[in-house]
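Reading the structure
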Amino acid sequence: MCAVGSPCVCVCVCVCDEQLSRSVCRSTSRSWTCHTRSSLQLSLPLSLPLSLSLSLSHHPSLSPSLSLSLSHHPSLSPSLSLALPLSLPVSLYFSPSLFCSPSLSPSLSGLSLSLSLSLSLTPRLLRPHSPQPSDKSRTNMTENGLLHPERVLTLDTMNPNIKRVEYAVRGPIVQRAMQLEKELQEGVKKPFTEVIKANIGDCHAMGQQPITFFRQVLALCSYPELLNDNKFPEDAKDRARRILQACGGGSIGAYSASQGIELVRQDVSRYIVRRDGGVPSNPDNIYLSTGASDAIATMLKLLVSGEGPTRTGVMISIPQYPLYSAALADLGAIQINYYLDESNNWSLAVGELRRALEAARKHCNPRALCVINPGNPTGQVQSRQCIEDVIRFAAEENLFLMADEVYQDNVYAEGCQFHSFKKVLFEMGPKYSEKVELASFHSTSKCYMGECGFRGGYMEVINLDPAVKAQLTKLVSVRLCPPVPGQALLDLVVNPPQPDEPSYSTFMNERTAVLAALAEKARMTEEILNKVPGIRCNPVQGAMYSFPQIQIPHKAIEEAKEKGQAPDMFYCMTLLDEMGICVVPGSGFGQRDGTYHFRMTILPPTDKLKIFLAKVKEFHQRFTERYS
């Protein structure tokens, strides 16, 4: 018992069974295991704040209750109640904190804490006493102090592929940026007043405004009562009614077909025909998806097979968008790197493809070639000739071709034009159009829409084996369907207002303004960065990113190694901490050995982008001087 007037804890455990008279109770220093009709009470010294840890085994037919109360202090009246399944034995572990709150310490006299646990059970549920937890399991603590027996799922027993997954655009540097933002909100003084994040292509988060027509129709679809409101234009209402009629129960809250709403797939097909100058498209080859990422991961899942030297290899560009390396790691596939030519505006050379392929065939089975056009993170737009060369290469080497074309409207540089792989494939004639297997991807998240949160997208498959196509349809049915609001948005993207409709003028003005602003920011980014000694930036021909090369002094490289960081990670983290500028190190996308880069978006508003670029210039000059 505690000394009179001292705060204490009182723990009582009771297990009752009317049909049994035998009781067993075992206790250790601060651990008790009780079987049938037993109770134990113990008082220990207590200080505030305190922590209580409880470990209970499981049986679905038992429902004990746990109560916790603090008493003898007028300002303290917390309580905790909990119901959970339980089986015998019952083990309680108690660990009071060893520190007090200064404001409460003068009034702790007489404070006590009591814990009671009671349950009823039948004889068939009683089990022999199990041994005390081993020393190893006693050390297996959770963050809140609970002690557990050995877990089934640990870092050693989890899927090893998951541990190899990395996704740089939401990695440590972004977590640090969020921490800095929180500190600024709390009034912590920094050498900057805000964190400018240019780490990810999240258009609306960067200030881009939604397209009015899209949001009007989505509002009408979400709340059909608005169809009676005369504030909405008639073409928006007509489009909403059309979409709702294609939804189960006339609601975008209903599931759709797993492949996507048929009406939307038909509209996507018609859009592709218009885009590609009449090249036919079959709605049955269209799969709607949760953004393009979902469709890309699904197609990679279909492609991966084999073990050891027969394991599937997939060719991806370096630099690459980390979705590809992450998905391949998750699937346990072999990543085959081919390098874009930085000295030639990040162009793709067939000679480099062949080098990478021949090297990979020594240890895996290359089966697919992925191309991102326009490029992420490099911002290049591949020429038609380049695309033809890639298609010939895929045909010669019997490779499945994956064309990531989510930035197809984002083309800024003079003389550049977007050419879809499908259009070029069919214009090359039956020798290729009847042979090359192709999956192409598009999304509502990029271009002028920037509607990342709706997660809308599609995949079109060409020359896919009918039996495999049936398996693909089965695979996508497991996820039930893509988000229906995202499907509705996609329908508006591929079927926008027409010239004879009331919303056309506003739509075209907004679309043009977004793309013009991006083109101006692409030009400005290249121009300003190329004036900084030690930074070289290729033209941002398209997409939403710049991937400038930076010169990092040898002393900085050595310091980065001492910290266990890649040199460009050290550079970017220092840039963030000193200037409040968040970019992603090139090592997260891949780069040639001995070169260093960072990826930045061109999405911030023009005035903020100017501040951003000025800070990068100031920092790079100061960083170079510091480590020279």
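Up top you'll find the structure we're talking about.
Let me sum up the structure you'll find in this document. These figures come from a predicted structure and were not determined experimentally. Positions within a chain are numbered from 1, following the residues in the order the chain's sequence is written. It should be noted that, the model being predicted, local features are given only for residues of pLDDT at least 70 and side-chain atom pairs only at 80 or more, the latter also being counted only at that level, while totals for whole chains, interfaces and linings use all residues. Side-chain measures here rest on the full set of heavy atoms in the structure, leaving out hydrogens and waters.

1. What about the sheet that holds strand 17 (residues 457-462)?
The seven strands lie next to each other as 11-17-16-15-14-12-13, forming an open sheet whose pairing is mixed. A strand with exactly one partner marks an edge of an open sheet, and here the two such strands are strand 11 (286-289) and strand 13 (334-339). On average, adjacent strands in this sheet sit at an angle of 25 degrees to one another, irrespective of strand direction. Throughout, a contact is declared for two residues whenever any of their heavy atoms are within 4.5 Å. Every angle, taken between N-to-C directions, lies between 0 and 180 degrees, and every axis is a line fitted to C-alpha atoms, over only the stretch in contact when it is a helix. What counts as a helix is a DSSP run of H or I of at least four residues, what counts as a strand is a run of E of at least two, and both are numbered from the N terminus. Contacts from helix 7 (residues 291-303) reach strand 11, strand 12 (312-318), strand 14 (365-372), strand 15 (400-404), strand 16 (438-443) and strand 17 within the one sheet, and its direction differs from that of strand 16 by about 160 degrees. Pairing between strands is defined by DSSP: at least two bridges between them are needed.

2. Observations regarding the packing of aromatic side chains
Aromatic pairing here means that ring centres of Phe, Tyr or Trp (its six-membered ring) are within 6.5 Å. Orientation follows from the plane angle: under 30 degrees is stacked, over 60 is edge-to-face, and everything else is tilted. Using the criterion set out here, one finds 13 aromatic pairs in the structure. When the centroid spacing of 5.7 Å and the interplanar angle of 85 degrees are considered together, the rings of tyrosine 407 and tyrosine 545 count as edge-to-face. Taken together, the residues span a long stretch of sequence, with tyrosine 407 in the loop between strand 15 and helix 11 (421-427) and tyrosine 545 in strand 19 (residues 545-546) at a distance of 138 residues. When the centroid spacing of 5.9 Å and the interplanar angle of 80 degrees are considered together, the rings of phenylalanine 547 and phenylalanine 589 count as edge-to-face. Of this pair, phenylalanine 547 sits in the loop between strand 19 and strand 20 (549-550) while phenylalanine 589 sits in the loop between strand 22 (584-585) and strand 23 (598-601), placing them 42 residues apart in sequence. Accessibility here uses a 1.4 Å probe with only protein chains present; expressed as a share of the type maximum, an area under 20% marks a residue as buried, one over 50% as exposed, and anything in between as partly exposed. Among the residues examined, phenylalanine 589 registers a relative accessible area of 1% and is labelled buried. Aromatic rings pair up to connect Phe570, Tyr571, Phe598, Phe619, Phe623 and Tyr627 into one cluster. In this analysis the charged atom, NZ for Lys or CZ for Arg, is taken to sit over a ring once it is within 6 Å of the ring centre and within 35 degrees of the ring normal. Of note, lysine 422 hangs over the ring of phenylalanine 426, and the distance from its end group to the ring centre comes to 5.7 Å.

3. Things to note about helix 9 (residues 350-360)
Residues of helix 9 that are buried include every one of Glu352, Leu353, Ala356, Leu357 and Ala360, and no others. End-on, the buried residues of helix 9 take up no more than an arc of 135 degrees, which puts them together on one face. Exposed and oriented more than 90 degrees from the buried face of helix 9 are Gly351 and Glu358. Directions pointing from the helix axis toward each C-beta atom define the arc.

4. Focus on the sheet that holds strand 23
Sheet architecture is open: three strands sit in the order 19-23-22, paired in antiparallel fashion. Only two strands of the sheet have a single partner each, and these edge strands are strand 19 and strand 22. Sheet topology places strand 19 next to strand 23; two bridges connect them, and they run antiparallel. Bridge pairing links tyrosine 545 to threonine 601 in strand 23.

5. Some details on the nonpolar core
What we call a nonpolar core is a set of buried Ala, Val, Leu, Ile, Met, Phe, Trp, Tyr and Cys residues that are connected through their side-chain atoms within 4.5 Å. Counting residues in hydrophobic clusters, the biggest one holds 80 residues, and the most contacted among them are Phe214, Val268, Met299, Met402, Phe441, Tyr448 and Met459. For tyrosine 448, the contacting residues outside a window of four places in its chain are Gln208, Ile211, Phe214, Asp409, Val493, Phe507, Arg511, Val514 and Leu515. In this structure, Leu184, Ile535, Ala560 and Met579 belong to the second largest nonpolar core, which totals 40 residues.

6. Some remarks on the pattern of salt bridges
Basic side-chain nitrogens of Lys or Arg form a salt bridge, by our definition, when they fall within 4 Å of a carboxyl oxygen of Asp or Glu. Going through the model one piece at a time under the given rule, you end up with 33 salt bridges. Linking arginine 215 and glutamate 451 is a salt bridge whose minimum nitrogen-to-oxygen distance equals 2.9 Å. In this pair, arginine 215 is assigned in helix 4 (residues 212-222) and glutamate 451 in the loop between strand 16 and strand 17, connecting sequence segments 236 residues apart. Exposure remark for arginine 215: the relative accessible area of 34% places this residue in the partly exposed category. We classify glutamate 451 as buried; its relative accessible area is 2%. Residue glutamate 578 pairs with arginine 622 through a salt bridge whose shortest N-O separation is 3.3 Å. A residue pair is termed long-range when its members are at least 10 positions apart, and glutamate 578 in helix 17 (residues 567-579) and arginine 622 in helix 18 (residues 606-627) qualify at 44 residues. Given the relative accessible area of 22%, glutamate 578 is considered partly exposed. Members of the salt-bridge network, linked through shared partners, are Arg384, Glu388, Asp389, Arg392, Lys423 and Glu427.

7. Some words on the packing of helix 7 against helix 8 (residues 322-331)
Following both chains from N to C, one finds helix 7 and helix 8 inclined at 40 degrees, their axes separated by 10 Å at the closest point. Of the possible angle classes, the one that applies to helix 7 and helix 8 is oblique. Along this stretch, helix 7 crosses helix 8, giving a crossing that reads as right-handed. Contact residues: helix 7 offers Ser293, Ile296, Leu300 and Lys301, while helix 8 offers Leu323, Tyr324, Ala327, Leu328 and Leu331. Grouping the constituent residues of the contact of helix 7 with helix 8 by class yields seven nonpolar, one polar and one charged. Every angle not falling under 35 degrees, over 145, or within 65 to 115 is termed oblique; those three ranges are roughly parallel, roughly antiparallel and roughly perpendicular. The crossing is said to be left-handed when, going from far helix to near helix, the turn is anticlockwise and less than a right angle, and right-handed when the turn is clockwise. Note that Gly is not counted as nonpolar here; it falls among the polar residues with everything else outside the nonpolar set of Ala, Val, Leu, Ile, Met, Phe, Trp, Tyr, Cys and Pro and the charged set of Asp, Glu, Lys and Arg.

8. As for the layout of surface pockets
Only protein atoms enter the calculation, which uses a 1 Å grid: trapped sets of points that fit a 1.4 Å probe without letting it out are cavities, open sets showing protein on both sides within 12 Å along at least five of seven lines are pockets, and any residue with an atom within 4 Å of a point is a lining residue. Grid points are joined across faces, edges and corners, and a volume is the space filled by probe spheres set on the points. Size it by volume and the second largest pocket reaches roughly 330 Å³. Lining of the second largest pocket is provided by 16 residues; of these, Lys197, Asn199, Ile200, Ala205 and Met206 occupy positions nearest its centre. Put simply, the parts of the chain that give the lining of the second largest pocket at least two residues each are helix 3 (172-185) and strand 10 (196-197). Looking at the lining of the second largest pocket, the element that brings in the most residues is helix 3, giving three residues. Of the residues belonging to the lining of the second largest pocket, the class tally is nine nonpolar, two polar and five charged.

9. With respect to the side chain of serine 325
Locating serine 325 in the fold gives a position in helix 8. Using a relative accessible area of 17% as the deciding quantity, one classes serine 325 as buried. Beyond its immediate sequence surroundings of up to four residues, serine 325 is in contact with Ile316, Gln320 and Gln335.

None of the figures reported here should be taken as evidence of function without further support.
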